[in-house]
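In case you want the letters, here they are:
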Amino acid sequence: MVKLAFLLQLGVVAAENGINAWLRYARIPNAADHHASIPSTITVLNSSVSSPVYTAGQELLSGISGILGKALTVTNRTSSCAGGIVVGTVDAYSSQGGNIDGIPDLVRDGFYLRSSPNRVLILGQNERGALYGAFDYLSRLAQGNLSSTSYASNPDVPVRWVNQWDNLRDGGTHGSVERGYGGQSIFFWNGTVRGDLTRVAQYARILASIGINAVVVNNVNANETMWSNQNIAGLGRIADAFRPYGVQLGMSLYFASPKALGDLDTFDPLDEKVIAWWHNKTDVLYRVVPDFAGYLVKANSEGQPGPLTYNRTLAQGANLFARALAPHGGTVMFRAFVYDSTSLNQTLDWKADRANAAVQFFNGLDTEFLDNVIVQIKYGPIDFQVREPVSPLFTHLIQTTTSIELQVTQEYLGQQCHLVYLAPMWKELLGFNLRVDSKDSYLTDILNGKRFNRKPGGYAGVVNVGTNTTWLGSHLAMSNLYAYGRLAWDPSSDAEELLRSWTRLTFGHDEQVIDTVTKISMESWPAYENYTGNLGIQTLTDILFSHYGPNPASQDGNPWGQWTRADHETIGMDRTVWNGTGFSGQYPAEVAAAYEKVETTPDNLMLWFHHVPYTQVLHSGKTVIQHFYDAHYDGSAVAQTYPAAWQSLKGKIDDERYEHVLHRLVYQAGHSLVWRDSINNFYFNKSGIPDAHGRVGTHPYRIEAESMDLDGYKVYRVSPFEAASNSLCVVISTNSTKGSLSTKLNVTSGTYNLAVNYYDMAIGNSTWEAYLNDGLVGRWKGDSEYVLGHAPSPYIDGHSATRITFEKVHIGQGDVLKIVGTPDGLEPAPIDYISILPLGVID
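Residues numbered from 1 in each chain as written. Predicted model: local features only at pLDDT ≥ 70, side-chain atom pairs only at ≥ 80, totals over all residues. Heavy atoms only, no water.

Moving on, we get to helix H11 (residues 423-430). Quick reminder: α-helices carry 3.6 residues per turn. Residues three or four places apart thus point the same way. The element H11 is largely enclosed, with a buried count of six among its eight residues. Within the sequence span of H11, burial applies to Ala423, Pro424, Met425, Trp426, Leu429 and Leu430. Residues of H11 that are buried make contact with strand S15 (402-407), helix H12 (443-447), strand S16 (458-462), helix H13 (478-489), helix H14 (495-507) and helix H15 (511-531). (Buried < 20%, exposed > 50% of the residue type's maximum accessible area, 1.4 Å probe, protein only. Helix = DSSP H or I, 4+ residues; strand = E, 2+ residues; numbered from the N terminus. Contact = heavy atoms within 4.5 Å.)

Axis separation between H13 and H14 bottoms out at 10 Å; the angle between their running directions is 125°. In terms of orientation, H13 and H14 fall into the oblique class. In this structure, H13 crosses over H14, and the sense of that crossing is right-handed. Of the residues in H14, those in contact with Met478, Ser479, Tyr482, Ala483, Arg486 and Leu487 of H13 are Leu498, Leu499, Ser501, Trp502 and Leu505. Class assignment of the residues belonging to the contact of H13 with H14 gives a composition of eight nonpolar, two polar and one charged. (Axes fitted to C-alpha atoms, helices over the stretch in contact; angles between N-to-C directions. Parallel < 35°, antiparallel > 145°, perpendicular 65-115°, else oblique. Left-handed = near helix turned anticlockwise from the far one by under 90°. Nonpolar A, V, L, I, M, F, W, Y, C, P; charged D, E, K, R; others polar.)

We now examine the nonpolar core. Core analysis: the biggest nonpolar cluster contains 203 residues, and Trp22 and Trp646 have the highest contact counts within it. Among the elements that line this core, the one with the most residues is helix H4 (residues 127-142), at nine residues. Other than its neighbours up to four places away in sequence, tryptophan 646 contacts Leu476, Phe507, Val517, Ile653, Arg657, Tyr658, Val661, Leu662 and Leu665. (Core = buried A, V, L, I, M, F, W, Y, C linked by side-chain atoms within 4.5 Å.)

Let's shift gears to the sheet that holds strand S28 (residues 816-822). Read from one edge to the other, the open sheet built from five strands follows the order S20-S23-S28-S25-S26, with strand pairing classed as antiparallel. One side of each edge strand has no neighbouring strand; the edge strands of this open sheet are strand S20 (709-711) and strand S26 (775-781). Across the sheet, the mean angle from the axis of one strand to that of its neighbour is 15°, orientation sign disregarded. Examined bridge by bridge, S20 and strand S23 (residues 739-744) share three bridges and lie antiparallel to one another. Bridge assignment links aspartate 709 to a residue of S23, and that residue is serine 742. (Pairing = 2+ DSSP bridges.)

What follows deals with the packing of aromatic side chains. In this structure the tally under the stated criterion is 42 aromatic pairs. Ring centres of tyrosine 758 and tryptophan 780 lie 5.7 Å apart, and the angle between their planes is 55°; this geometry places the pair in the tilted category. Here tyrosine 758, found in strand S24 (residues 750-759), pairs with tryptophan 780, found in strand S26; they are 22 residues apart in sequence, far enough to count as distant. Note on tyrosine 758: relative accessible area 7%, which makes it buried. A connected cluster of aromatic rings, assembled from ring pairs, spans Trp227, Phe255, Phe267, Trp277, Trp278, Tyr286, Phe292, Tyr295, Tyr310 and Phe321. Over the ring of phenylalanine 337 we find lysine 378, and its NZ or CZ is 3.4 Å from the ring centre. (Phe/Tyr/Trp six-rings, centres within 6.5 Å; stacked < 30°, edge-to-face > 60°. Lys NZ or Arg CZ within 6 Å of the ring centre and 35° of its normal.)

Here it is, written out as structure tokens:
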């Protein structure tokens, strides 16, 4: 503590690794000035250490100590209810003689907070609500808001869940956490629940602070061995770690478990033996985890078994589990992500469309689901794309409770290596008016049950944290988790205000820091959409492999159904009723009419709903192809500004987090150029229509590696072709020796930025050195697979393509540039091109 105080006096920012997320409880400016107005005692109206109320008292104790530097005492004496900080439930407070007159009505998990000098009252409708109120009070203090206040806060929906796609084992196709980019699973290792669950308790604390009340801990692509005695006992230990924070445990099911475990010869949901099997297993689970939240089910999708195997309906499958859970008060979250991924054929069937699947599979089932079933629907009809229309299934399930599935982990959106703040996208989706029966039908009001006068549903966020101390692999990506929880509690929250609050809690009160992080984050979703896939064409990433880098050709010619139907003259999916797949007709009449016609479809969804010529003029006045070119240049140009913006904060943020974020923003700036060139070159090659501004395919500052003098290197044709500047790169001829490439530079003498585009494959750690006239400019190592966390690639492609820039290098006319590559393992030290850039010029 003495050392920390000394550092603060010197203005030195202490190092942090992100483990506490936004719950840092860092000292606020002029903290001592507020001591007199803060009570000295905390009265906790529950002394059980597993109680969220007890936890609230401990959080208040440590939080106020950190934020204000004031030491408080904790008591359970009911006589203390008259003063100080009192935290508990409304019922507990009333039973101790507290006056509850004037306290607004609270729903489950809601809380009431009243704060005045030397008197703070925090009451929850239940114990969890009391903890939420304590966190809300501490958030106010941590942001420097110590004003008197009195308000109630109720969640908009009861279901505010997190889905973790954690696997029981590492390895395989998806590793320890499927679509996770923050390290290994905090829950499982080597087939069982981990012995040390310290990180699990820390995670529960973070989630409770934003109102999350349940976590499904295992992958939706589930494993029947979750039912082993050892793992059931392990789930009990996870639940024990969750319970003090009011977080309930949920579990994903493998539908065919009775057969897969060898207990039965069938998993037919109407078979009496199967029904008895699931009832027995559920009863066993509740004996170990009495507050178990419920099951999450992925069925008949992407190879997962389900009720359709036996010609049963999806509702019959969901109800199998609902009946087993009902005596215990549990919930079935049944995913609507059901589609045919094996036989869809865009060539043979013009009307084939994966987007139609959810409504088709759930057609006629609205009245068939039991009351404790919630249908969990992805926000769009395809799969977490950078832009999709709201799923029309929300308008077809009138009596069935629904929840929306959002994705905090950035599976298709840069995998936490690209800054993409998602709250603006979520707000746009949640605020969409679906106009059912020509009445206002905002998605939020469908989720909370108000529009259809039914039981409220909620939110499911696919988060996928890992053992990395940043949780998600990136400090800035945590803004998405924070925003998800806040929006699930109150969807009317403003995306920018949430961001500013998160930044203040995460990085401190410096206004330049808050303004800078806010600016680059608010720009990030539009920028990413621009330099990846726009006009509703989807993200244009490689859907057959890692879902990370560019590969637009991978969208088509396969049964996965994320098609663009691009040829040399036209592009886009015709989803109209009159001539296409009929998808637009799944919406209520007013929305369907708007999407049915080119004239009334917004530009940002034009290619989602319409198959048009590249020369089609948009509402903006640009043609489709020119919009593609311009948007990809504009988006990547925005990404180029991020490193400098962040560098302006040096000294205002601790070195550890500063360097971590800077590394990713520099990487993003370089990879956005890979995206820009790949997509533009692909569609220029396909359409043959040149860029009106002459940029696409023209790079005056670029030196192609294959045009240089090669010694020990050879030319290699890259696939897909657009992943290389000129479809070619160079690789070491034999991995047993070094290689070099050199050229004489014909530039005016001066100061330049020297950039090298190369490929960092996950099959070795090559090293490179750059020289000018035999003087070393810099050296680097291809080890990003250990640093960045995105899905690794063993290939020379758009995933492994990356860039390093040496800034402000003095270059004389006629200087000789030489790059020396040393291969490692199977990685042949590949290089794409070198750029000699005048200062301020983007390649």
